[in-house]
Amino acid sequence: DVVGAVKGRSVFVTGGIGFIGSHTVLCLLEHGYYVVIIDNLDNAVQEAYRRMQELAGDRADRMKFIKADLRCKPDIEEIFKEHSFDAVIHFAGRKAVGESVQQPWLYYDHNVLSAINLIEVMREHNVKNMVFSSSCTVYGNPSKVPIDETHPLSAVSPYGRTKLIIEDIFRDYAEADKGWRTILLRYFNPVGAHPSGKIGEHPVGIPNNLMPYIQQVALGQRPELSVFGSDYPTRDGTCVRDYIHVMDLAEGHVAALDKLFRTPSLGCVPINLGTGTGSTVLEMIKAFEEASGKTVKYKLVPRRQGDSVAVWAATETAEQQLGWKTKLGVDDMCRDQWKWASQYPKGYEV
Ligand code: WQD
């Protein structure tokens, strides 16, 4: 079988057709890994995989996609019987905060049940190396910024609670079985797209997040952006976030895998992936206007419930533990996102 033949270099990537997963898979291939992807295509489309194959070129023969659902444990067992994985990167899951408040059952089913199935099959096959896609949302409403990994953990939505539950499962496993090596990567705000402009974020329906919404206004697909709150105690009254380029994020996952393979008794380690700097909503609008040459019409509206004033990462742990830090700035993020948007205004819809 083409995948998993090389010891120490084969990775099972769940949700690998999604926004962050697809960019990370290409990066893994560039670093010589063999990759098997599982994705149920709930929030991703087959066309994205076709584009990944195009971009992978002759490396595509080290990549394999299996359409399946982690909620079906026998399917996972089948995959683990056929392949010998050295590690897992777990992206798969739903991630819309608002949706999680309205329909929490979706999140306990898709996020928690899937994770439990996956981890049990891993244990049965003695695969105990995991890089987990966590989120800065596990810090709740931060009491101070920059946020480091010792900041207290709390959930401010069912989505955040599912991330926290899965983190706790890994912490308990690591306590009980020193054979487990887990890195919990806590992302801040992933944005941008592959520099080729062939793959990028493809939100279905009305975008919850800021940058995809700005993109659709710039494309003339939406009349204007609502800026949620302009009376915050920040330099221009709008919220501050730590936006990180998805290409930097992808490299962060490879750095985490390398760390995991070279650290025998790693345990369960949380690591922030952010730039360490914050940008306001108005600054992001301006940066996107400069990158696109388009006007982004917006109106100032009341605050969105649940938003924190300011969130940005302390980046020392990633630098010390992974020897990784971000290379790309907001201008790069907006330039690459605009290239994706202007080349493919309808994303993966063909
Ligand atoms: C960013 C800023 C909004 C939309 C979310 C999740 C978090 C993580 C990253 C998964 C905020 C403002 C937004 C709009 C606006 N996802 N905004 N108008 O809320 O920081 O984080 O995505 O792990 O878990 O919570 O990102 O992009 O929704 O908002 O003014 O139409 O943009 O108020 O200040 P957020 P966001």
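Residues numbered from 1 in each chain as written. Predicted model: local features only at pLDDT ≥ 70, side-chain atom pairs only at ≥ 80, totals over all residues. Heavy atoms only, no water.

An unreviewed UniProt entry annotates the protein chain as UDP-glucose 4-epimerase originating from Coccomyxa viridis. Under the heading Pathway (unreviewed entry), UniProt records this for the protein chain: "Carbohydrate metabolism; galactose metabolism." (UniProt positions renumbered as here; feature names shortened; annotations may be inferred.)

Colleague: Lay out the nonpolar core with the relevant residues and their values.
Modeller: The biggest cluster of nonpolar side chains holds 49 residues, and the ones touching the most others in it are Ile-17, Ile-37, Met-63 and Leu-273. Top contributing element to this core by residue count: helix 8 (residues 246-261), with eight residues. Those residues in contact with Met-63 that sit more than four places away from it in its chain are Val-25, Leu-29, Val-35, Ile-37, Tyr-49, Met-52, Gln-53 and Ala-56. If you look at the next biggest cluster of nonpolar residues, it comprises 26 residues, including Phe-12, Val-36, Ile-119 and Ile-166. (Core = buried A, V, L, I, M, F, W, Y, C linked by side-chain atoms within 4.5 Å. Buried < 20%, exposed > 50% of the residue type's maximum accessible area, 1.4 Å probe, protein only. Helix = DSSP H or I, 4+ residues; strand = E, 2+ residues; numbered from the N terminus. Contact = heavy atoms within 4.5 Å.)

Colleague: If you had to explain the packing of helix 1 (residues 19-30) against helix 8 to someone new, which residues and values would you point to?
Modeller: Contact geometry of helix 1 with helix 8 gives a least axis separation of 8 Å together with a crossing angle of 60 degrees. Between helix 1 and helix 8, the crossing angle belongs to the class labelled oblique. For the pair helix 1 and helix 8, the crossing hand works out as right-handed. Touching Phe-19, Ile-20, His-23, Thr-24, Cys-27 and Leu-28 of helix 1 are Val-246, Met-247, Leu-249, Ala-250, Glu-251, His-253, Val-254 and Leu-257, all from helix 8. In terms of residue class, the contact of helix 1 with helix 8 is built from 10 nonpolar, three polar and one charged. (Axes fitted to C-alpha atoms, helices over the stretch in contact; angles between N-to-C directions. Parallel < 35°, antiparallel > 145°, perpendicular 65-115°, else oblique. Left-handed = near helix turned anticlockwise from the far one by under 90°. Nonpolar A, V, L, I, M, F, W, Y, C, P; charged D, E, K, R; others polar.)

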